[in-house]
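Here are the chains, one letter per residue:
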Amino acid sequence: IHGRGKLLLNKSAFKNLIICFKKDPRKKELLDYYTSKGATIVHGDVEKPETLANVFKGIDLVVSVLSGSGMYSGTSPELNAIKAAPASGVKWFVPS
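Residues numbered from 1 in each chain as written. Predicted model: local features only at pLDDT ≥ 70, side-chain atom pairs only at ≥ 80, totals over all residues. Heavy atoms only, no water.

Here L66 lies in the loop between β3 (61-63) and α4 (77-87). Residue class for L66 comes out partly exposed when judged on its relative accessible area of 28%. A C-alpha to C-alpha distance of 8.4 Å links L66 and P95, two positions 29 residues apart in sequence. If we ignore the near neighbours within four places in the chain, the residues touching L66 are V46, P77, E78 and S96. (Helix = DSSP H or I, 4+ residues; strand = E, 2+ residues; numbered from the N terminus. Buried < 20%, exposed > 50% of the residue type's maximum accessible area, 1.4 Å probe, protein only. Contact = heavy atoms within 4.5 Å.)

See below:
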């Protein structure tokens with residue numbers, strides 16, 4: 001389990017913790033762990049920004065923990081998420 005994910009799950013200050021993942025069967029164990037700790041899992045794909053509009057609805061704060069994958073390929077998945085956030089009503093976005 002990633003360090004930042006463990007940190008978020010250990011914070012009792014969060015009433016609701018929603019984690020967005022791209023659908024990937026290889027992540028099942030990780031997603032099961034987060035769910036067992038009370039997180040809600042939603043599916044979105046930062047390389048397809050249109051999938052993020054519904055995912056971000058009702059969310060006040062997005063903390064991005066994107067890895068470097070794809071960040072230097074001429075596209076910016078994180079930029080897609082940043083652009084989708086305000087359109088969905090997100091108030092704060094913390095980039096990775």
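Resuming the write-up.
This paragraph deals with α4. Taken together, the buried positions of α4 are P77, E78, A81, A84 and A85. End-on, the buried residues of α4 take up no more than an arc of 125°, which puts them together on one face. Exposed positions of α4 whose direction lies more than 90 degrees from the buried face are K83, P86 and A87. The secondary structure elements touched by the buried residues of α4 are α3 (52-56) and β4 (92-94). A positive backbone phi angle near 95° is found at G89, which sits one or two residues after α4. (Arc of directions from axis to C-beta.)

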